[in-house]
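This is what each chain is made of:
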Amino acid sequence: MINNDVLRSVRYALDLGDAKVVEIIKLAGRDLAQSDLASFLKKEDEEGFVECDDEVMLSFLDGLIIYKRGKMESRANQDNKPERLTNNTILKKLRVAFELKEEDMHKVLELAGFSVSKPELSALFRTKGHKNYRACGDQLLRNFLKGLTIRHRG
């Protein structure tokens, strides 16, 4: 799933204005102009569309966690190397930001008319390389975002 779709979906689900999204990204230590954000929010076929890169998306997701839950004390053993952005990473960060437990995740997916078993869901949060790891597909992430929208906007 492209980062622009995720950004648009979360922005819509939480009813965030452009200024608030820029503020959220700034919480993660990255400056972004509103004009750049406007380019990210355009559809692929619109003039002026710019693809949202992984660094901006990670900043948005990390900022969203800070915005929803507050700043966390950094741990001494925590490394700050950049992550490779995958659908699994996006799902994990959204789960943290919205403080969702396993049953909450199932409810959100059910709101979108999409169901997964407990083992399937837990496999999405395993470390890559674990024997039970499962990559999160675009369809599952899209339905999760749809369920979040229904949950927050009614």
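Residues numbered from 1 in each chain as written. Predicted model: local features only at pLDDT ≥ 70, side-chain atom pairs only at ≥ 80, totals over all residues. Heavy atoms only, no water.

Participant: Explain the overall build of the protein to me, and be specific about the residues and the numbers.
Facilitator: Of regular secondary structure, the protein possesses 8 helices and 0 strands. Along the chain direction, N to C, the helices and strands of the protein fall in the order α-α-α-α-α-α-α-α. Relative to the 2.2 N^0.38 estimate, which gives 15 Å for 154 residues, the radius of gyration of the protein is 16 Å and therefore close to what a compact globule would have. Dimensions of the protein, computed from C-alpha atoms along their principal axes, come out at roughly 45 × 40 × 25 Å. Counting every position in the protein, which comprises 154 residues, the buried fraction comes to 40%. The long-range share in the protein, meaning contacts at least 24 apart out of those at least 6 apart in sequence, stands at 72%. In the structure as shown, the protein presents an accessible area of about 9200 Å², 45% of it carried by carbon and sulfur atoms. Positive and negative charge centroids in the protein, built from 27 and 25 side chains respectively, lie 6 Å apart. (Helix = DSSP H or I, 4+ residues; strand = E, 2+ residues; numbered from the N terminus. Rg over C-alpha atoms; globule rule 2.2 N^0.38 Å. Buried < 20%, exposed > 50% of the residue type's maximum accessible area, 1.4 Å probe, protein only. Contact = heavy atoms within 4.5 Å. Areas by Shrake-Rupley, 256 points an atom, 1.4 Å probe, with all protein chains shown as cover. Lys, Arg positive; Asp, Glu negative; His and termini not counted. Charge placed at Lys NZ, Arg CZ, Asp CG, Glu CD.)

Participant: Go over the side chain of Asn-143 with me, naming the residues and quoting the values.
Facilitator: By the secondary structure assignment, Asn-143 is in helix H8 (residues 138-153). Assessed through its relative accessible area of 14%, Asn-143 is described here as buried. When sequence neighbours within four positions are dropped, the list of residues in contact with Asn-143 reads Leu-109, Ala-112 and Phe-114.

Participant: Talk me through the pattern of salt bridges; I want residue IDs and the actual numbers.
Facilitator: One pass over the full model with this rule turns up 8 salt bridges. Put simply, Asp-18 and Arg-11 hold a salt bridge, and the shortest N to O gap is 2.7 Å. Put simply, Glu-55 and Arg-30 hold a salt bridge, and the shortest N to O gap is 3.6 Å. Here Arg-30 lies in the loop between helix H2 (18-27) and helix H3 (34-41) and Glu-55 lies in helix H4 (residues 54-69), a separation of 25 residues in the sequence. Of the residues examined, Glu-55 reaches a relative accessible area of 53% and is grouped as exposed. One salt-bridge network, in which partners are shared between bridges, spans Asp-5, Arg-8 and Glu-44. (Salt bridge = Lys/Arg side-chain N within 4 Å of Asp/Glu carboxyl O.)

Participant: Talk me through the packing of helix H1 (residues 3-13) against H4; I want residue IDs and the actual numbers.
Facilitator: Relative orientation and spacing of two packed helices are given, respectively, by the angle between their axes and the distance between those axes. Running from N to C, H1 and H4 point in directions that differ by 25 degrees, and their axes come no closer than 10 Å. The pairing of H1 with H4 is recorded here as roughly parallel in orientation. Between H1 and H4 lies a crossing of left-handed hand. Residues Asn-3, Val-6, Leu-7 and Val-10 of H1 touch H4, and the partners they reach there are Asp-54, Met-57, Phe-60 and Leu-64. Grouping the constituent residues of the contact of H1 with H4 by class yields 6 nonpolar, 1 polar and 1 charged. (Axes fitted to C-alpha atoms, helices over the stretch in contact; angles between N-to-C directions. Parallel < 35°, antiparallel > 145°, perpendicular 65-115°, else oblique. Left-handed = near helix turned anticlockwise from the far one by under 90°. Nonpolar A, V, L, I, M, F, W, Y, C, P; charged D, E, K, R; others polar.)

Participant: Break down unusual backbone geometry for me, with residues and values.
Facilitator: Even without glycine at this site, Asp-15 takes up a positive phi of about 55 degrees. Turning to its location among the elements, Asp-15 is positioned in the loop between H1 and H2. Asp-15 sits in the exposed class, given a relative accessible area of 60%. With phi around 50 degrees, Glu-99 is a residue other than glycine that occupies positive phi space. By the element assignment, Glu-99 lies in the loop between helix H5 (87-97) and helix H6 (102-111).

Participant: Go over the nonpolar core with me, naming the residues and quoting the values.
Facilitator: Residues Phe-60, Leu-91, Leu-94 and Phe-144 are the most contacted members of the largest nonpolar core, which totals 43 residues. Mapped by element, the contributors of at least two residues to this core are H1, H2, H3, H4, H5, H6, helix H7 (118-124) and H8. With residues near it in sequence (within four places) discarded, Phe-60 still touches Leu-7, Val-10, Val-21, Ile-24 and Ile-25. (Core = buried A, V, L, I, M, F, W, Y, C linked by side-chain atoms within 4.5 Å.)

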